[in-house]
Amino acid sequence: MSIEMADQPIVKICGIKTSAILEATIAAGADMVGFVHFPRSPRHASIEDIANLISEARGRVQTVVLLVNPDNSTVAEIAALGPDWIQLHGPETPHRVEAIRAEAGVEIMKAVPIGSAEDVTHVASFLDVADRILVDAKPPKGADRPGGLGETFDWGLLKALDPSLPFMLSGGLTPDNVADAIRSVRPFGVDVSSGVESAPGVKDAGLIEAFIRNARAAL
Ligand SMILES: O=C(O)c1ccccc1N[C@@H]1O[C@H](COP(=O)(O)O)[C@@H](O)[C@H]1O
């Protein structure tokens, strides 16, 4: 786990599918942008679209490709595009995360679903195999995807984490609750998808700008 500290939380906007929204997100001051490669998601982007978006973003903002339990060929295809990060948002075991990190040769952000105190203990098993931890709401049983559902969770559960751990917070964040989340949880960064959309998969430049402005003003 690489330790970085920032005065203010970094902001990641996830689920970007178009050049226009990418440009609006960079102009609004995001630190990281995420592209989802998972066909069941309303934010799914093809390899070709992700290649173009990464090329456009390179050197301007950190790029993240979100995958769910990817096979080796998908990992290789995505790694070849040269993203800064791969976000693993499925049921990958610590052993599998370690293997993907070795195969891809890019930094790995591992999402850990949180719904109970016991779930928080699972974070520890990823600390040596991932470069960053992202905590997200545990999806309800029967959900068709493991994230991007706009669901929050009890942030108080995170008090059990080592306060020096630089984790990212996600799950149901919006322009209206992000400042409260930052003040309550003190995360290294915040990550949002549904909360900056006008409809599932449709990003709204005004909401992205408001989210980033409110996150910056939180502390
Ligand atoms: O965005 C998706 O559709 C998605 C699909 C599969 C796994 C994760 C997904 N999104 C990530 O989930 C968290 C929380 O999102 P939200 O803000 O609650 O909508 C975030 O990291 C998204 O990138």
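Looking at an unreviewed UniProt entry, one finds the chain named N-(5'-phosphoribosyl)anthranilate isomerase and attributed to Devosia epidermidihirudinis. One UniProt comment on the chain, placed under Sequence similarities (unreviewed entry), says "Belongs to the TrpF family."

K.L.:
In this structure, what is going on with the sheet that holds strand S5 (residues 107-114)? I would like to understand it.
P.N.:
The pairing of strands in a sheet comes from backbone hydrogen bonds and takes either a parallel or an antiparallel form. Reading around the circumference, S1-S2-S3-S4-S5-S6-S7-S8 is the order of the eight strands in this closed barrel, with parallel pairing throughout. Of the strand pairs in this sheet, strand S2 (residues 32-36) and strand S3 (residues 62-67) are connected by five bridges, and their pairing is parallel. Following the sheet pairing, Phe 35 is matched in S3 by Val 65.

K.L.:
What's the story with unusual backbone geometry in this structure? I'm lost.
P.N.:
Backbone geometry follows two general trends: most residues other than glycine have a negative phi, and most peptide bonds adopt the trans configuration. Although it is not a glycine, Asn 69 adopts a positive phi angle of roughly 45°. A count of 15 C-beta atoms within 10 Å places Asn 69 in the partly exposed class. The backbone phi angle of Arg 186 is positive, close to 55°, even though this residue is not glycine. One can find Arg 186 in the loop between helix H6 (178-185) and strand S8 (189-192).

K.L.:
Would you mind showing me how to read the UniProt feature "domain: N-(5'phosphoribosyl) anthranilate isomerase (PRAI)" (unreviewed entry) in the chain here?
P.N.:
Per the UniProt record, "domain: N-(5'phosphoribosyl) anthranilate isomerase (PRAI)" (unreviewed entry) is found at residues 11-213. Secondary structure across residues 11-213 divides into 30% helix and 22% strand, with the first and last C-alpha atoms of the span separated by 10 Å.

Rules and cut-offs
- Residues numbered from 1 in each chain as written.
- Predicted model: local features only at pLDDT ≥ 70, side-chain atom pairs only at ≥ 80, totals over all residues.
- UniProt positions renumbered as here; feature names shortened; annotations may be inferred.
- Pairing = 2+ DSSP bridges.
- Helix = DSSP H or I, 4+ residues; strand = E, 2+ residues; numbered from the N terminus.
- Buried ≥ 20, exposed ≤ 12 C-beta atoms within 10 Å, placed from the backbone.

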